[in-house]
Amino acid sequence: MSPTSSTLWIRVAIAATLVAWLAYLIPSFVVPLVATGAATSDSISYLIVMTFFAFALVMYLLARQSALRRHGRRRAPARLESHFATTEGSMTVLVPPYTEEVADVRASVWGAALQEYPALRVVLLLDDPPRPLEADVALRLEGSRTITDRVALVLAEPSRRFRDELLACEIRLAESSVIAPEAVRDLAESYRFAIKRLSAEAAEERAAGAGAVAKVLDDTAHELSRVTHSLLVAIADERRVPPAERMLELHQRLAWTFSADLNTFELDFRRTKSRQPQT
């Protein structure tokens, strides 16, 4: 329901409330008062209660109407990509697990690494005992030490490809703002490639029993598939080809999603490992 029609129905509800209140007031209070010249304490008390109920309902409807008007005047926010395109500086995400299951830590690292940000650094802080006596704790620590290596390995190839494509898009748009249908098809193919890589990794994680990791990867793939669908619609109808600015934003989205500087920092050893996709 649109804000305009909702406002109309709110006005109808306010009018109906006032009519219902008058319909109660006249026969139940005014008429007996005129006939007898007096009103009982019960009728007065009941009238006060009903009046407060009607007043509260009208106030709620007026507040709702005001909120709908403000919402209707509100401008749609700019796309997140447009904001990040003009944002400088990097962002660091710290993942500080402590003797947690490796799959849970891996899900957290994946969730941070796949954030759409132009300059993202993800640091896995390992504050576990450096030489645990328990075999299961030691095994979890060794598994945690390899997480950033694995994530960086999966991201490396897509990162190189999407950054190269972003650079090519920037050069192409600097020469001409006309978007060719072939450029849209190539971009859709890049999104398919990204979805395929994420889905393949999710399938491996699911087979290994890491459902939380698979969900993070599947959620990102689902978001990219929505963009892919829009691009396929544009390919089918050339009149809906995205403008040059939007094409650049979509290339940036792929490049930023798959590019992250991944580090592991062991607080006890004061030793760091840097795992950044090669560009």
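Just above sits the structure.
Summary of the structure given here. (Residues numbered from 1 in each chain as written. Predicted model: local features only at pLDDT ≥ 70, side-chain atom pairs only at ≥ 80, totals over all residues. Heavy atoms only, no water.)

Here we take up the pattern of salt bridges. Note on pairing: side chains with opposite charge can pair once their charged atoms come close. One pass over the structure, following the stated rule, counts 15 salt bridges. The partner of R140 in a salt bridge is E101, and the shortest N-O contact between them spans 3.8 Å. In this pair, R140 is assigned in helix α5 (residues 135-145) and E101 in the loop between β1 (91-95) and α4 (102-113), connecting sequence segments 39 residues apart. Exposure remark for E101: the relative accessible area of 46% places this residue in the partly exposed category. The shortest N-O distance in the salt bridge between E157 and R197 comes to 2.8 Å. Of the two residues, E157 is situated in helix α6 (residues 147-175) and R197 in helix α7 (residues 181-207); the sequence distance between them amounts to 40 residues. One connected set of salt bridges, linked through shared partners, spans E142, R145 and E266. (Salt bridge = Lys/Arg side-chain N within 4 Å of Asp/Glu carboxyl O. Helix = DSSP H or I, 4+ residues; strand = E, 2+ residues; numbered from the N terminus. Buried < 20%, exposed > 50% of the residue type's maximum accessible area, 1.4 Å probe, protein only.)

Here the focus is a nonpolar patch on the surface. A cluster of nonpolar side chains, L22, I26, V30, V31 and V34, forms an exposed patch at the surface whose accessible area comes to about 430 Å². One can find V34 in helix α1 (residues 3-36). A relative accessible area of 67% places V34 in the exposed class. (Patch = residues over 30% accessible without salt bridge, like charges linked within 9 Å, V, L, I, M, F, W, Y side chains within 5 Å. Areas by Shrake-Rupley, 256 points an atom, 1.4 Å probe, with all protein chains shown as cover.)

Remark: α7 packs on helix α8 (residues 211-236), axes separated minimally by 9 Å, with the N-to-C direction vectors making an angle of 160°. The orientation of α7 relative to α8 falls into the category roughly antiparallel. The hand of the α7/α8 crossing is left-handed. Along the lines of polarity and charge, the residues of the contact of α7 with α8 split into 18 nonpolar, 4 polar and 6 charged. (Axes fitted to C-alpha atoms, helices over the stretch in contact; angles between N-to-C directions. Parallel < 35°, antiparallel > 145°, perpendicular 65-115°, else oblique. Left-handed = near helix turned anticlockwise from the far one by under 90°. Nonpolar A, V, L, I, M, F, W, Y, C, P; charged D, E, K, R; others polar.)

On to the packing of aromatic side chains. Considering all chains together, one arrives at 2 aromatic pairs under this definition. On the basis of an interplanar angle of 75° and a centroid distance of 6.1 Å, the ring pair of F162 and F193 is categorised as edge-to-face. Taken together, the positions of F162 in helix α6 and F193 in helix α7 put the pair 31 residues apart, joining distant regions of the chain. Residue classification places F193 among the buried positions, given a relative accessible area of 16%. Here a set of aromatic residues connected by ring pairs shows up, and it is made of F162, F193 and F258. (Phe/Tyr/Trp six-rings, centres within 6.5 Å; stacked < 30°, edge-to-face > 60°.)

By themselves, these are just geometric observations and shouldn't be taken as functional.
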